[in-house]
Amino acid sequence: MKIFTSRWLFLVLVSTSFGVFSITRLTGENMELAVLLSTVTVLIIGIVLERMLPYSMHWNKPKGDFGDDLVSTVVLFGLVVPFVKYIAPICVISMYGLMPADMTLEIFPTDLNFASQLVIALLIIEFGRYWVHRWHHSIGFLWWLHALHHSSERLYSINNFRFHPLNYVFNFLLSTFPLMIVGVPSEVLLGYLAISQPIIMLQHANIDLRSGFLNYVFNTNELHALASLSVAIRGKQKLRWGVDYLGHRIWYVYVSEKRKFAETNRPVFSKWLLPR
């Protein structure tokens, strides 16, 4: 069971989340609620498995950081996310109100089938998230905001939400907000979230997942752990990753090798061919 969990948990959870979303979309049920419930479920599963199948036993030991991480999580999901969700549509409506009546920015190809729209939205959002994350690691002011996310001495599920509010806002403005301006349907954005949210919930999870070929597709917790290690060793200027799962794979290719990392001798992805 542990071997199956280690190899296939990532794929099972992402597939289940999108499957639940697809069913609710086809049956006319509440898609937003479906995405929310899937997201919370994946987070809970991750927290439980950190005790049962830890990547590093040391990362399960408290370091006086849980209080800060909990406060950051509450602020993020209790204040920042609802505020952005409320204000973004108002901003879009205001922009259109300032434009000439015969002018429109609604150029998103809504005449295509849902799958094609979802792929287009995914590529655009991931492209934006890749660049904003890159800038957060290379521009002084943005790094000052983003450094909070890398300030923990360990990786575990909750500290994935250790974010400066402005960091989250910048991420949103340069990834999702442009799609809202050009008229992306809400169900397409929810479909994207059904795929991306389980990935985000697992990115910092201290679980011994060995996702194999999935590392070529998703930014798994294996890759994310190495990214955080790279920041600690090399500094802000050296890390060039996509935030979620596609951006870094478009721009980078990895070669796996055996190397001691955390407490185990296991394959990690430590050599990167960087575009210059």
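Above: the structure in question.
Chemist: Break down helix H2 (residues 31-52) for me, citing the residues and quoting the values.
Modeler: The end-to-end C-alpha distance of H2, which contains 22 residues, comes to 32 Å, matching closely the 32 Å that a straight helix rising 1.5 Å per residue would cover. Among the residues of H2, the N-terminal cap falls to Asn30, whose side-chain oxygen and the backbone nitrogen of Glu32 are separated by 3.1 Å.

Chemist: Talk me through the pattern of salt bridges; I want residue IDs and the actual numbers.
Modeler: With the rule as written, the count across this model stands at five salt bridges. Residue Arg154 pairs with Asp65 through a salt bridge whose shortest N-O separation is 3.0 Å. Taken as a pair, Arg154 in the loop between helix H5 (140-146) and helix H6 (165-173) and Asp65 in the loop between H2 and helix H3 (66-98) lie far apart in primary sequence, 89 residues in all. Of the two residues examined, Arg154 and Asp65, each falls in the buried class.

Chemist: Could you give an account of the packing of aromatic side chains, with specific residues and numbers?
Modeler: Applying the stated rule across the entire model yields eight aromatic pairs. A network of ring pairs unites the aromatic residues Phe127, Tyr130, Trp131 and Trp135 as a single cluster. Here the basic side chain of Arg25 rests over the ring of Phe114, its NZ or CZ set 3.8 Å away from the ring centre. A cation sits over an aromatic face here: Arg154 above Tyr156, 3.9 Å from the ring centre.

Chemist: Give me the lowdown on the nonpolar core, citing residues and values where you can.
Modeler: Core analysis: the biggest nonpolar cluster contains 44 residues, and Phe10, Phe21, Leu179, Leu202 and Ile207 have the highest contact counts within it. Broken down by secondary-structure element, the contributors of at least two residues to this core are helix H1 (2-27), H2, H3, helix H4 (114-138), helix H7 (177-181) and helix H8 (186-203). Examining the composition of this core, we find that ten residues originate from one element, H8, more than from any other. Beyond its immediate chain neighbours, meaning those up to four positions away, Ile207 contacts Gly46, Leu49, Glu50, Leu53, Pro54, Tyr55, Leu202 and Asn221.

Calculation rules
- Residues numbered from 1 in each chain as written.
- Predicted model: local features only at pLDDT ≥ 70, side-chain atom pairs only at ≥ 80, totals over all residues.
- Heavy atoms only, no water.
- Helix = DSSP H or I, 4+ residues; strand = E, 2+ residues; numbered from the N terminus.
- Expected span 1.5 Å × (residues − 1).
- Polar contact = N/O pair within 3.5 Å; in protein donor to acceptor, adjacent residues only side chain to side chain.
- Salt bridge = Lys/Arg side-chain N within 4 Å of Asp/Glu carboxyl O.
- Buried < 20%, exposed > 50% of the residue type's maximum accessible area, 1.4 Å probe, protein only.
- Phe/Tyr/Trp six-rings, centres within 6.5 Å; stacked < 30°, edge-to-face > 60°.
- Lys NZ or Arg CZ within 6 Å of the ring centre and 35° of its normal.
- Core = buried A, V, L, I, M, F, W, Y, C linked by side-chain atoms within 4.5 Å.
- Contact = heavy atoms within 4.5 Å.

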